[in-house]
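Structural description and commentary
Here's the letter readout for the chains.
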Amino acid sequence: MKQVFKDKIINIDQNYFDNKFLFEIYDFSKWVKSNDVEIIFLEDLLKNKKNNELLEKVKVHPAMWSEVFSPKDEFEIFTSIFENAIKTEKRTHIIWVTLWEEIEILEKYYDNLWFFDESINCFKVDYKIPLVSVSVNIRNLMWRWSDYKRFWKNIFFIPPIREAGQVKAMFKWVNRWSIAWIFIESLWDDEKTFLQNQIKEEHILPLTMAKVLNYNYEDLGLECWKVNIEINY
């Protein structure tokens, strides 16, 4: 088995050919502390923007759920949080972004902090420095716009699953290292299978996976219990 660290992968036993990676992952259900970083869940703020007038349409067109908690409202909330963090110089971590427009603001900020590395076309962020960082919920990577038709209420999350282009953008920014963390509230079989498929299909590379499951969050100065997860590849 090979353990994946922040910047290296090493064998930890004599099974050199077993095709297994070992990752450390934060267990958010056993939260410890956030030190000097304010943690904000977009879900908590977006609930207040619910558009009840669209609920009848959702019964016929389930993908309309995305507009019950609209991208416009989410973007306005995000912008307000971002601007307040910069103004007050309060380190802030925003959990559950879903929009490329949000990450564009973040990347412009990181670019101004000289975190962009042209040689690799990625952001090498020292997460001890920026005032704002973000997480994407694993659910908003696992599901697609087209899944509403099949799963209905089972994927009526807040913030919602967005259109396919937004989901694709979240993958892009995970791999550009500007999204700090993949937030996983509960690590069930579906979530484990999803992570395994990302490694197998090379959608997310092992070292990047280690960073967004653990090490970036650690660099933010946040603490949680950790658990190990084995992923076959």
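A brief report on the enclosed structure follows. All values derive from a computational prediction rather than experimental measurement. (Residues numbered from 1 in each chain as written. Predicted model: local features only at pLDDT ≥ 70, side-chain atom pairs only at ≥ 80, totals over all residues. Heavy atoms only, no water.)

Turning next to the overall build of the protein. Along the protein, the regular secondary structure elements total ten helices and ten strands. The C-alpha atoms of the protein give 18 Å as radius of gyration, which agrees with the globular expectation for 233 residues (17 Å, within 12%). Based on the C-alpha atoms only, the size of the protein along its principal axes is roughly 60 × 45 × 35 Å. Scored against the burial criterion, the 233 residues of the protein give a buried share of 49%. As presented, the protein carries roughly 12,300 Å² of accessible surface, and 50% of it is formed by carbon and sulfur atoms. (Helix = DSSP H or I, 4+ residues; strand = E, 2+ residues; numbered from the N terminus. Rg over C-alpha atoms; globule rule 2.2 N^0.38 Å. Buried < 20%, exposed > 50% of the residue type's maximum accessible area, 1.4 Å probe, protein only. Areas by Shrake-Rupley, 256 points an atom, 1.4 Å probe, with all protein chains shown as cover.)

So, about the sheet that holds strand S9 (residues 181-183). Spatially, the four strands line up as an open sheet ordered S4-S5-S8-S9, and their pairing is parallel. With partners counted over all chains shown, the strands left at the sheet margins are strand S4 (38-41) and S9, one partner each. The average angle at which neighbouring strand axes cross in this sheet is 30°, direction not considered. With three bridges joining them, strand S8 (residues 132-137) and S9 adopt parallel strand pairing. Within S9, the position partnered with Asn-137 by the bridge is Phe-183. Docked against the sheet, helix H10 (residues 206-219) engages S4, strand S5 (92-95) and S9, running at close to 115° with respect to S9. (Pairing = 2+ DSSP bridges. Axes fitted to C-alpha atoms, helices over the stretch in contact; angles between N-to-C directions. Contact = heavy atoms within 4.5 Å.)

Let's shift gears to the layout of surface pockets. The computed volume of the largest pocket comes to approximately 180 Å³. Leu-141, Met-142, Trp-143, Arg-144, Phe-171, Asp-190, Thr-193, Phe-194, Asn-197, Gln-198, Glu-201 and His-203 are the residues that line the largest pocket. For the lining of the largest pocket, the elements supplying multiple residues, two or more each, are helix H6 (139-142) and helix H9 (189-200). Ranked by residues supplied to the lining of the largest pocket, first place goes to H9 with five residues. Of the residues assigned to the lining of the largest pocket, the class counts are five nonpolar, four polar and three charged. (1 Å grid on protein atoms, 1.4 Å probe; cavity = no way out; pocket = protein on both sides within 12 Å on 5 of 7 lines; lining within 4 Å. Points joined across faces, edges and corners; volume = space filled by probe spheres on them. Nonpolar A, V, L, I, M, F, W, Y, C, P; charged D, E, K, R; others polar.)

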